[in-house]
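Chain residues, written in single-letter form:
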Amino acid sequence: MTTIITVDGPSGAGKGTISRKLAEETGFSLLDSGALYRVTALAALKQGVDIQDESAVVTIALNLPVVFETTIEDTKVVLADEDVSREIRTEKAGMNASIVAAFPGVRSALLQRQRAFAQEPGLVADGRDMGTVVFPQAQLKIFLTASPEERAKRRYLQLEQAGQNADMQSLIEEIRARDERDSSRATAPLTPADDAILVDSTALSIGEVNQRVFSLMKDRGLLP
Ligand code: C5P
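Computed from a predicted structure; not experimentally measured.

Trainee: Is there a simple way to explain the sheet that holds strand β4 (residues 75-79) in this structure?
Mentor: The strands making up a sheet associate through hydrogen bonds between their backbones, and the pairing can be parallel or antiparallel. Taking strand neighbours across the sheet as the criterion, the three strands line up as β3-β4-β5 in an open arrangement whose pairing is antiparallel. Because the sheet does not close on itself, it has two edges, and the strands there are β3 (66-70) and β5 (82-83). The sheet contact formed by β3 and β4 spans five bridges and is antiparallel. Residue Glu 69 lies in a different strand from β4, and its bridge partner there is Lys 76.

Trainee: Looking at this structure, how should I read the nonpolar core?
Mentor: A general tendency of soluble globular proteins is for nonpolar side chains to be buried together. Counting residues in hydrophobic clusters, the biggest one holds 38 residues, and the most contacted among them are Leu 31, Leu 64, Val 106 and Phe 135. Listed by contribution, the elements that provide at least two residues to this core are α2 (33-46), α3 (54-62), β4, α4 (91-100), α5 (104-115), β6 (122-127) and α6 (130-134). Excluding anything up to four places from it in sequence, Leu 31 contacts Leu 36, Gln 114, Phe 117, Leu 123, Val 124, Ala 125, Asp 126, Met 130 and Phe 135. In this structure, Val 7, Ile 18, Leu 30 and Met 217 belong to the second largest nonpolar core, which totals 20 residues.

Trainee: Got a minute to help me understand the site of the ligand in this structure?
Mentor: Around the ligand, a shell composed of 15 residues is seen, among which Arg 38, Arg 107, Arg 178, Asp 182 and Arg 185 lie nearest. Here Asp 129 contributes a side-chain N or O atom positioned 2.9 Å from a nitrogen atom of the ligand. Contact between the ligand and Asp 182: an oxygen atom at 2.6 Å from a side-chain N or O atom of the residue. Contact with the protein chains hides 96% of the accessible area of the ligand, taken as 450 Å² for the molecule alone. Considered class by class, the residues forming the shell around the ligand number four nonpolar, four polar and seven charged.

Trainee: Explanation requested: the side chain of Thr 6 in the structure shown.
Mentor: Within the secondary structure, Thr 6 sits in strand β1 (residues 3-8). Leaving out residues up to four positions away in the same chain, Thr 6 has contacts with Ala 125, Met 130, Gly 131, Phe 135, Ala 138, Leu 140, Lys 141 and Ile 142.

Trainee: Can you walk me through the packing of aromatic side chains in this structure?
Mentor: Two descriptors summarise a pair of aromatic rings, namely the distance from one centre to the other and the angle between the planes of the rings. With the rule as written, the count across this model stands at one aromatic pair. Geometrically, the ring pair formed by Phe 68 and Phe 117 is edge-to-face, given 6.0 Å between the ring centres and 70° between the ring planes. Remark: Phe 117 occurs in the loop between α5 and β6 and Phe 68 occurs in strand β3; sequence separation between them is 49 residues.

Trainee: In this structure, what is going on with the environment of Gly 122? I would like to understand it.
Mentor: Structurally, Gly 122 is set in strand β6. A C-alpha to C-alpha distance of 31 Å links Gly 122 and Leu 157, two positions 35 residues apart in sequence. When residues no more than four places from it in sequence are discounted, the contact partners of Gly 122 are Thr 2, Thr 3, Phe 28 and Ser 29.

Trainee: Please clarify how unusual backbone geometry should be interpreted in this entry.
Mentor: Trans is the prevailing form of peptide bonds, just as negative phi is the prevailing case for residues other than glycine. Following Glu 120, the chain continues to Pro 121 via a peptide bond in cis, the omega torsion being 0°. Its location among the elements puts Pro 121 in the loop between α5 and β6. With phi around 70°, Asp 81 is a residue other than glycine that occupies positive phi space. Its place among the elements puts Asp 81 in the loop between β4 and β5. At Ala 188, a residue that is not glycine, the phi angle is positive and equals roughly 45°. Within the secondary structure layout, Ala 188 lies in the loop between α8 (168-184) and β8 (197-200). Ala 188 sits in the buried class, given a relative accessible area of 12%.

Thresholds applied
- Residues numbered from 1 in each chain as written.
- Predicted model: local features only at pLDDT ≥ 70, side-chain atom pairs only at ≥ 80, totals over all residues.
- Heavy atoms only, no water.
- Pairing = 2+ DSSP bridges.
- Helix = DSSP H or I, 4+ residues; strand = E, 2+ residues; numbered from the N terminus.
- Core = buried A, V, L, I, M, F, W, Y, C linked by side-chain atoms within 4.5 Å.
- Buried < 20%, exposed > 50% of the residue type's maximum accessible area, 1.4 Å probe, protein only.
- Contact = heavy atoms within 4.5 Å.
- Near = heavy atom within 4 Å.
- Polar contact = N/O pair within 3.5 Å; in protein donor to acceptor, adjacent residues only side chain to side chain.
- Areas by Shrake-Rupley, 256 points an atom, 1.4 Å probe, with all protein chains shown as cover.
- Nonpolar A, V, L, I, M, F, W, Y, C, P; charged D, E, K, R; others polar.
- Phe/Tyr/Trp six-rings, centres within 6.5 Å; stacked < 30°, edge-to-face > 60°.

Nothing here speaks to function; it is geometry throughout.
Shown next, in the form of structure tokens:
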């Protein structure tokens, strides 16, 4: 059976960084499921579709012409031949993603596409419901958290580095609003799987989180 490691948790907890590092060091594939929701919302907007209109967004999700070009450094997200890698990373795109992600029809439209990422030698899947819904059979499930203030701080630095404007107070508010929407929705809410291991990264460096996950993988005989 293909080895699957799931990394779920709220936005800004460090899932993306840790997942990429794990994939790089194990040679496993990487699924950035959040990017799929971000691209779905973006594709809807580009086609003039109201992102509150579930059935219209479901049609978009079912026919999403998206390709992920993953290299060691990053993943290029190409939507209908247009590189949208930067466009999907704004706070606004994250908010829009969480609106379409609350629709059950959108979630099921994207399910098979996500499962198809599970290929030998293994997969690191980053998201909100990787361990609960998409890959319940995963051999290791991590639920990565950090305080909202710490997550806002990290996001602030990321945006600053990317040359985008950011305001700390509004970032904290946006993070809280997105947590609230992701945790309270009826379908696949953000919640740890029963067998997930909770890792609080508030006071940990990326290297420390990485070490922790690696030792869990080693204990379970999951290292290739
Ligand atoms: O992880 P990222 O910030 O890119 O995700 C954007 C949004 O997509 C999240 O706030 C969440 O609403 C949604 N999402 C989801 N399920 C996933 C991944 C992301 O609902 N597995």
